[in-house]
Amino acid sequence: MITLTVADDIAEITLDAPERLNALGPDDIRQLSEAYAEAEQQRVRALLLRGEGRAFCAGRDISGVDPRSDDVLGYLHDLVQPLLERMSRFPAPTFAVAHGACLGVGLGLLIASDVVYVAETAKIGSPFANLGATLDSGGHALFFERLGAHRTLDLIYTGRLMSGVEAVAAGLFSQSLPDSEVLESTRAAAASAARGATEAYLASKALVAELRDERLGLWGSMSHENRVQAALCDTDDYREGFAAFQQKRRPEFTGGSRRGTHA
């Protein structure tokens, strides 16, 4: 469930499915995109994105997904990437406040926001080592840009999650704050931006986007991630990782070199 409130020229969008750690299925992605469209129509001067409950967003909701017939390319390319591009182009300063799990597409939501404040105890990274899948939603581009090749692959291979403090120290996000303060501090920052020189902010936003899109760029990198993730769907390890996650057990991988066939 996605909720939108608008007051004092500020939109606040909330991921409101705390019982599943705000994991996002296709309908959630569509609702989130609609919320951004509605906020844009209301011509707000700042936007804040947050999650309700114990986590910002634990990633994709795979609770009912059958890996043998999963259309992961459709989910990532047709739903997630257009949403993230819409978020990144939003015509006002955007802020995200992250706490708890910030994984997979949840990480992508942060990447697509202009300013990200994270709780000190937030958990950020690539948990896909146990799913037989790979990091998606722009994570490769962000990690490589900020961490370099060695640290990026270390996080991906081990599945180790960074705390909010570590992520900010590594240059991934804006500020880390005590868990009890991060939401109100982000709201204060959004309120300040809403009172500021919006056109000047948008000029800087466009300039930063141009710098980020050099070479392959974020969106080119994300499109490539989508294709790689779709190819991995046909591996035995991907199916085993999915099944283990759904059954809450440790996966038993065989190496993933053999290609399965859809039933």
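The structure this text deals with has already been given above.
Let me begin by describing the structure that accompanies this report. (Residues numbered from 1 in each chain as written. Predicted model: local features only at pLDDT ≥ 70, side-chain atom pairs only at ≥ 80, totals over all residues. Heavy atoms only, no water.)

Below, the discussion takes up the overall build of the protein. Check the secondary structure of the protein and you find nine helices and nine strands. Against the globule reference of 18 Å for 263 residues, the protein gives a C-alpha radius of gyration of 18 Å, in line with a compact fold. Once the C-alpha set of the protein is aligned to its principal axes, its extents read approximately 55 × 35 × 35 Å. The buried share among the 263 residues of the protein stands at 51%. Within the protein, contacts between residues separated by at least 24 positions form 73% of all contacts whose residues are at least 6 apart in sequence. Accessible area of the protein: about 12,500 Å², with a carbon and sulfur share of 52%. (Helix = DSSP H or I, 4+ residues; strand = E, 2+ residues; numbered from the N terminus. Rg over C-alpha atoms; globule rule 2.2 N^0.38 Å. Buried < 20%, exposed > 50% of the residue type's maximum accessible area, 1.4 Å probe, protein only. Contact = heavy atoms within 4.5 Å. Areas by Shrake-Rupley, 256 points an atom, 1.4 Å probe, with all protein chains shown as cover.)

Now for the pattern of salt bridges. Under the defined criterion, the tally for this structure stands at 13 salt bridges. The partner of Glu12 in a salt bridge is Arg187, with the nearest N and O atoms 2.8 Å apart. Of this pair, Glu12 sits in strand 2 (residues 10-15) while Arg187 sits in helix 6 (residues 182-194), placing them 175 residues apart in sequence. Given the relative accessible area of 14%, Glu12 is considered buried. Owing to a relative accessible area of 28%, Arg187 belongs among the partly exposed residues under this scheme. (Salt bridge = Lys/Arg side-chain N within 4 Å of Asp/Glu carboxyl O.)

Since the α-helix turns once every 3.6 residues, residues separated by three or four places project in the same direction. Look at helix 4 (residues 139-158): only 15 Å from first C-alpha to last across 20 residues, short of the 28 Å you get at 1.5 Å a residue. Within helix 4, the axis deviates most sharply at Gly148, by approximately 125°. Along helix 4, the residues classified as buried are Gly139, Leu142, Phe143, Leu147, Thr152, Leu155 and Ile156. (Expected span 1.5 Å × (residues − 1). Bend = angle between axes of the 7 residues up to and from the residue.)

Here the focus is helix 6. Taking 1.5 Å of rise per residue, the 13 residues of helix 6 would be expected to cover 18 Å, and the 18 Å separating its terminal C-alpha atoms lies within 8% of that figure. Within helix 6, the full set of buried residues consists of Val182, Thr186, Ala189, Ala190, Ala191, Ala193 and Ala194.

Moving on, we get to the pairing of strand 2. Taking burial as the measure, the six residues of strand 2 include six buried ones, the bulk of the element. Across the two faces of strand 2 the burial is the same, with Ile10, Glu12 and Thr14 and Ala11, Ile13 and Leu15 all buried. Relative to strand 2, strand 1 (residues 2-7) runs antiparallel, the two sharing six bridges. By the bridge assignment, Thr5 is partnered in strand 2 with Glu12. Hairpin connection between strand 1 and strand 2: a loop of two residues separates the two successive antiparallel strands, and Asp8 in this loop has a positive phi of roughly 55°. Pairing of strand 2 with strand 3 (residues 46-51), which is carried by six bridges, proceeds in the parallel orientation. Note on strand 3: the bridge partner recorded for Ile13 is Leu49. Crossover handedness for the path strand 2 to helix 1 (residues 26-41) to strand 3: right-handed. (Pairing = 2+ DSSP bridges. Right-handed = clockwise from strand over helix to strand, strands pointing away.)

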